[in-house]
Amino acid sequence: MRQELERLKELSLAEHLARLHRRWRNVAEIELAPLGLTYPRWTALWKLLRLGDKVSQKVLANALEIELPSLMRTLGQLEEQGLIERYCCNKDKRARIVALTPAGKEILKTIETRIIQVRMDLLEGISPTELSEFERIISLITDNANEKLAKITSTDL
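What you are looking at is a predicted structure, and each value in this text was computed from that prediction instead of being measured.

Caption draft 1: Summary view of the overall build of the protein. Within the protein, the regular secondary structure consists of seven helices and three strands. Mapped in sequence order, the helices and strands of the protein form the string α-α-α-β-α-α-β-β-α-α. In summary, the protein has a C-alpha radius of gyration of 19 Å against a globular reference of 15 Å for 157 residues, an excess of more than 25%. Going through the 157 residues of the protein one by one, you find that 25% of them count as buried. Long-range contacts, defined as pairs at least 24 residues apart, comprise 52% of the intrachain contacts of the protein with a sequence gap of at least 6. Per element, the accessible surface of the protein, about 11400 Å² overall, is 55% carbon and sulfur. Here the protein holds 25 positive side-chain charges and 23 negative ones, and the gap between their average locations is 5 Å.

The following block contains the structure:
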């Protein structure tokens with residue numbers, strides 16, 4: 001038990017994960033920079049595609065796990081690039097729908113090709129079994145964090 005406590009003091013898994021995220025993000029940004037796409041822009045496009053296109057700004061912000069005001073600037077930039085369009089929802093005039101333009105759909109083909117290559121490069125040397133185990137562990141840590149946050153939030157009320 002003492003060794004385990006000492007290891008937890010020395011090893012900052014959160015720091016390693018944060019560093020990994022930053023490096024991964026940097027590689028992707030460098031790869032997509034020639035397309036005029038920053039991380040927020042390409043991830044918004046990617047998520048929009050995965051959500052099935054034509055979703056509300058709020059749904060997109062929630063899926064990206066960011067605040068709606070943070071997303072608004074990115075959407076404005078994507079609109080200026082002609083990659084998305086926004087319009088009022090027929091059912092709720094307060095809601096704005098985000099849709100990919102034909103140019104947005106076209107650039108997503110290039111994004112997908114480049115991001116898949118980045119993923120292949122960064123996961124080189126990791127077996128499918130190891131990757132599955134890593135994903136399982138990350139999911140478990142995430143679930144534990146969500147549980148902890150839910151407990152903290154419920155006791156604050």
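There's more to say after this.
Caption draft 2: Region of the structure containing the packing of aromatic side chains. One pass over the structure, following the stated rule, counts two aromatic pairs. Arranged with centres 5.8 Å apart and planes meeting at 90°, the rings of Tyr39 and Trp42 form a pair that is edge-to-face. Here Tyr39 and its partner Trp42 are both found in helix α3 (residues 39-51), three residues apart, which amounts to about one turn of the helix. With a centroid separation of 6.1 Å and an interplanar angle of 85°, the aromatic rings of Trp42 and Trp46 are classed as edge-to-face. Placement of both Trp42 and Trp46 in helix α3 is noted, with a separation of four residues, approximately one turn of the helix. Classification of Trp42 as buried rests on a relative accessible area of 7%. A connected cluster of aromatic rings, assembled from ring pairs, spans Tyr39, Trp42 and Trp46.

Caption draft 3: Just unusual backbone geometry, in detail. The phi dihedral of Glu65 falls on the positive side, at around 60°, and the residue is not glycine. One can find Glu65 in the loop between α4 (57-64) and α5 (68-80).

Caption draft 4: Examining the sheet that holds strand β2 (residues 84-88) more closely. Within the open sheet, the three strands sit side by side as β1-β3-β2. Their pairing is antiparallel. Looking along the sheet, the strands with just one partner apiece sit at the ends: β1 (55-56) and β2. Summarising the sheet, β1 and strand β3 (residues 96-100) pair through two bridges and their orientation is antiparallel. Looking across to β3, one finds that Val55 is bridged to Val98.

Cut-offs applied
- Residues numbered from 1 in each chain as written.
- Predicted model: local features only at pLDDT ≥ 70, side-chain atom pairs only at ≥ 80, totals over all residues.
- Heavy atoms only, no water.
- Helix = DSSP H or I, 4+ residues; strand = E, 2+ residues; numbered from the N terminus.
- Rg over C-alpha atoms; globule rule 2.2 N^0.38 Å.
- Buried < 20%, exposed > 50% of the residue type's maximum accessible area, 1.4 Å probe, protein only.
- Contact = heavy atoms within 4.5 Å.
- Areas by Shrake-Rupley, 256 points an atom, 1.4 Å probe, with all protein chains shown as cover.
- Lys, Arg positive; Asp, Glu negative; His and termini not counted.
- Charge placed at Lys NZ, Arg CZ, Asp CG, Glu CD.
- Phe/Tyr/Trp six-rings, centres within 6.5 Å; stacked < 30°, edge-to-face > 60°.
- Pairing = 2+ DSSP bridges.

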